[in-house]
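# Working through the structure, step by step
Listed below are the residues making up each chain.
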Amino acid sequence: MDAQLLTFIFVGLSFALYIGIAIWSRAGSTAEFYVAGGHVHPIANGMATAADWMSAASFISMAGIIAFAGYDASVYLMGWTGGYVLLALLLAPYLRKFGQFTVPDFIGERYYSRAARIVAVVCLIVVSFTYIAGQMRGVGVVFSRFLEMPIEWGVIVGMGVVFFYAVLGGMKGITYTQVAQYCVLIFAYMVPAIFISILMTGNPIPQLGLGSNVAGETISVLNKLDGALVDLGFSAYTSAVKSKIDIAAITLALMAGTAGLPHVIVRFFTVPKVSDARRSAGYALVFIALLYTTAPAVGAFARLNFIDSVHEKPYAEAPQWVKSWESIGLIAWLDKNEDGVIQYGSGTPFEGRADFVDGQGQNGERLVSNTPTDNANEISVDRDIMVLANPEIAQLPGWVIALVAAGGVAAALSTAAGLLLVISTAISHDLLKKTFRPQITEKAELMAARGAATVAIIIAGYLGINPPGFVAQVVALAFGLAAASLFPAILMGIFFKSINREGAVAGMISGLAFTLSYIIYFKSPWFGAVNDASHWFLGVSPEGIGTLGMVLNFVIAIGVSRFTAPTPVAVRAMIDDIRMPVSKTST
Amino acid sequence: MQSETSRDSSRAEAYWRENVKLLCGLLAIWFVASFGAGIIFVDVLNRIEIGGFKLGFWFAQQGSIIVFVILIFVYAARMRTIEKRFGVSDE
């Protein structure tokens, strides 16, 4: 059977599984819709959190980013896992004890203010929509690459499936589908990684393979890669290109952002007890770490393999995968010195993105019309292909390719569903029930939640099909926004009783406004700002600016709280109660 | 009645102090494993090579993640003991 037919079967079967689970676990009450009734086992919640968390970016792009950025990509590895320590130690247990449905619930009650709740809802919606457009796009990309379907159709099919199980099942449906999606995606990630590790080093454990010697040689994978890259004019794989301050700022922004992402936090509202919230965060990180410690190995193997298979190889003898990715435009070769041999090196081979024109070159390659640059590099490669091309590079059977496609779709759908749920909850619960229409019945609230989820899916799908150029670039920046707005407000709400309503609102607004304007200033085309280190504030890139936004939030909140009315006694008592795993009244 | 409430609240305060102390200790390790070994001192540690890995690079891409996992489970286990001791366990 060919790989494409197998892919249809695998992806189809996984969809049938998700829909089946949705029908089995549909939500009957708002508590089930918002937090799965609070009855999810910590291990199941850990898996669901891992799937919720690991998006199309983690599954498809991360290993490719590591392959081409080497040490600098450590910011993602440390940032996206270290945040769970903050979550488990500083936020999750107390939010679980607080025991309501949403993040704005906590901020609204802790800061005794409707305004604080609305500011939190605004932060939540900005963060979640920035993030979700990228997920729908991810579904579309996988569909178009493996099923040769237009991206638009891929997005629409993905929307349909998410619509079915998120709108019907709410948090309960999402939780159990995410458990299934985790299993699909981790299996799909590990199988090719193990095969490639055996092929490259003889060691079946990719995490150890990364440090092992290259099969049949006496040099380790990383040392060989360092040497090969330096020879080609790159800096060594294991050394930094970015400045230390920027690396530290990005890492901290990603960590605090992870801990402040509403769709992740809300998962810890679904476990039965405070102690379960702590343990569940631990399980979540174990499940995440399995993929995150494998990715650096996949990245290094892929880079080494890539150099070995293309550099100084005649195009005519290049492996088939080079040609098949070239045929869909993700690899481009321009024979600058006209010797028929591919030369790879640092720098871009030509100006701009590959612009293919009709016809073939002398060696049978696809022609590009771009202006050549004056360096020696002749080949451009889209870093996203690394995970997807891995099974082909390692010459694995068609079912592995089909599995990887199903895994990529699972990763994108599970994250999209989690995000849609927090958006719809923020609208039906925080805006409608708690702010504008408190007299609404539970049934009507549930209807509103489903309606809001439907609208959110349609908007997300629209953004997936028509990504406004720069939104696609700023998906990773959702973390900076969460780090600068929600994370400090929640943290101070638990640990500093003296922070009051005025302080928290001023802090959130200034943190969000500062971070958002910095990002828009450098990333949007409107201001013509030059986005490089010499123009950045304190040498911090837009990716890392959330760290400074967070500091600003803390400083403003503490300053303003000092000069305004103190936190009321009743709220102080509520904080005391949140800090204890069991309430006093029950003992 | 009065004395019972004040005993309750001083017990709650002592529990909270223990918790914060534990948090600070664990977060110090969190910081050292990631920002310390993986970023600030990465060049120094990279001079040491163990099992084919430069140590600083290993911390940045693998070691820190392993430390993070351990930290969360240590916190959960230690809190369990502390909560039993203060009689505030939810298990």
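Residues numbered from 1 in each chain as written. Chains lettered and ligands numbered in written order. Predicted model: local features only at pLDDT ≥ 70, side-chain atom pairs only at ≥ 80, totals over all residues.

A few words now on the overall build of chain A. What chain A contains, in helices and strands, is 23 helices and 6 strands. Computed over its C-alpha atoms, the radius of gyration of chain A comes to 25 Å, within 12% of the 25 Å expected for a compact globule of 587 residues. Counting every position in chain A, which comprises 587 residues, the buried fraction comes to 59%. The contacts of chain A with a sequence gap of at least 6 include a subset with a gap of at least 24, amounting to 80%. (Helix = DSSP H or I, 4+ residues; strand = E, 2+ residues; numbered from the N terminus. Rg over C-alpha atoms; globule rule 2.2 N^0.38 Å. Buried ≥ 20, exposed ≤ 12 C-beta atoms within 10 Å, placed from the backbone. Contact = placed C-beta atoms within 7 Å.)

To continue, consider the overall build of chain B. Helix and strand counts for chain B stand at 3 helices and 2 strands. In chain B, the succession of α and β elements from N to C terminus is α-α-β-β-α. Rg of the C-alpha trace for chain B: 19 Å, well past the compact-globule value of 12 Å for 91 residues, more than 25% over. For chain B, the C-alpha atoms occupy an extent of roughly 65 × 25 × 15 Å along the three principal directions. Burial status across chain B gives 36% buried among its 91 residues. The contacts in chain B between residues at least 6 apart in sequence include a share of 51% that link residues at least 24 apart.

Turning to the interface of chain B and chain A, a few remarks are in order. With 37 residues of chain B at the contact, the number on the chain A side is 40 residues. Among the elements of the structure, helix H1 (2-40), strand E2 (53-54) and helix H3 (55-86) of chain B are those that each provide at least two residues to the side of chain B that touches chain A. Per element, the largest residue contribution to the side of chain B that touches chain A is 16 residues, and it comes from H3(B).

All names here are of chain A. The first and last C-alpha atoms of helix H13 (residues 274-310) sit 54 Å apart over 37 residues, in line with the 54 Å expected at 1.5 Å per residue. Within H13, the axis deviates most sharply at Ala289, by approximately 30 degrees. Burial analysis of H13 places 32 of its 37 residues in the buried class, the great majority of the element. With its phi angle positive at about 60 degrees, Glu312 sits one or two positions after the end of H13. (Expected span 1.5 Å × (residues − 1). Bend = angle between axes of the 7 residues up to and from the residue.)

On to the UniProt feature "transmembrane region" (unreviewed entry) in chain B, then. All names here are of chain B. The feature "transmembrane region" (unreviewed entry), as annotated in UniProt, sits at residues 20-45 and 57-77 in this numbering. Helix makes up 96% of residues 20-45 and strand 0%, whereas the separation of the span's terminal C-alpha atoms amounts to 31 Å. Summarising residues 57-77: 100% helix, 0% strand, and an end-to-end C-alpha distance of 30 Å. (UniProt positions renumbered as here; feature names shortened; annotations may be inferred.)

Among the nonpolar cores identified, the biggest contains 236 residues, and Leu185(A), Leu420(A) and Ile72(B) are the most heavily contacted of them. Ranked by residue count, the leading element in this core is helix H16 (residues 398-436) of chain A, at 21 residues. (Core = buried A, V, L, I, M, F, W, Y, C linked by C-beta atoms within 7 Å.)

This brings us to unusual backbone geometry. All names here are of chain A. Here the phi dihedral of Glu312 falls at roughly 60 degrees; this positive angle occurs in a residue that is not glycine. Residue placement: Glu312 occurs in the loop between H13 and strand E1 (313-314). One non-glycine residue, Glu338, lies in positive phi territory at about 50 degrees. For Glu338, the position within the fold is in the loop between strand E2 (331-333) and strand E3 (341-342).

As a further point, take the pairing of strand E4 (residues 356-360) of chain A. All names here are of chain A. With 0 of its 5 residues buried, E4 lies for the most part at the surface. Relative to strand E5 (residues 366-368), E4 runs antiparallel, the two sharing 3 bridges. Across the sheet, residue Gln360 finds its bridge partner in E5, namely Arg366. Where E4 folds back onto E5 in an antiparallel hairpin, the turn is made up of 5 residues, including Gly364, whose phi is positive at roughly 95 degrees. (Pairing = 2+ DSSP bridges.)

Look at the UniProt record and you will see "domain: Sodium symporter small subunit" (unreviewed entry) annotated at residues 13-88 of chain B. Taken end to end, residues 13-88 of chain B is 84% helix and 5% strand, and its two terminal C-alpha atoms sit 12 Å from one another.

Close inspection of predicted coordinates is inappropriate for parts of the model with low pLDDT. With 96% of its residues at a pLDDT of 70 or more, chain B shows a mean pLDDT of 88. Scored as a whole, the predicted complex attains pTM 0.89, and scored at its interfaces, ipTM 0.93. (pLDDT = per-residue confidence, 0-100.)

All names here are of chain A. For the pair helix H4 (residues 56-69) and helix H15 (residues 385-393), interaxial distance at closest approach is 6 Å and the crossing angle is 95 degrees. Relative to H15, H4 is oriented roughly perpendicular. Judged by residue contacts, Phe59, Ile60, Ala63, Gly64 and Ala67 of H4 engage Ile385, Met386, Val387 and Leu388 from H15. For the contact of H4 with H15, the residue count by class is 8 nonpolar, 1 polar and no charged. (Axes fitted to C-alpha atoms, helices over the stretch in contact; angles between N-to-C directions. Parallel < 35°, antiparallel > 145°, perpendicular 65-115°, else oblique. Nonpolar A, V, L, I, M, F, W, Y, C, P; charged D, E, K, R; others polar.)

For the rest of this paragraph, the subject is the environment of Ile19(A). All names here are of chain A. Mapped onto the elements, Ile19 comes out in helix H1 (residues 3-24). With 18 C-beta atoms counted inside 10 Å, the residue Ile19 sits in the partly exposed group. Separated by 268 residues in sequence, Ile19 and Phe287 have C-alpha atoms that sit 23 Å apart.

It is worth spelling out the packing of helix H3 (residues 42-53) of chain A against H13(A) at this point. Residue and element names in this part refer to chain A. The geometry of H3 relative to H13 is characterised by a closest axis approach of 7 Å and an angle of 50 degrees between their N-to-C directions. Overall, the two elements H3 and H13 adopt an arrangement that is oblique. Here H3 and H13 pass one another in a crossing that is right-handed. Between H3, through Pro42, Ile43, Asn45, Gly46, Met47, Thr49, Ala50 and Trp53, and H13, the contact on the second element is made entirely by Asp276, Arg279, Ser280, Tyr283, Ala284, Phe287 and Ile288. Considering only residue class, the contact of H3 with H13 consists of 9 nonpolar, 4 polar and 2 charged. (Left-handed = near helix turned anticlockwise from the far one by under 90°.)

This part is about the environment of Trp30(B). Mapped onto the elements of the fold, Trp30(B) is located in helix H1. Along the chain, Trp30(B) and Ala77(B) lie 47 residues apart, while their C-alpha atoms are 17 Å from each other. What Trp30(B) contacts, discounting residues up to four positions off in sequence, is Gly82(A), Val85(A), Phe68(B) and Leu71(B).

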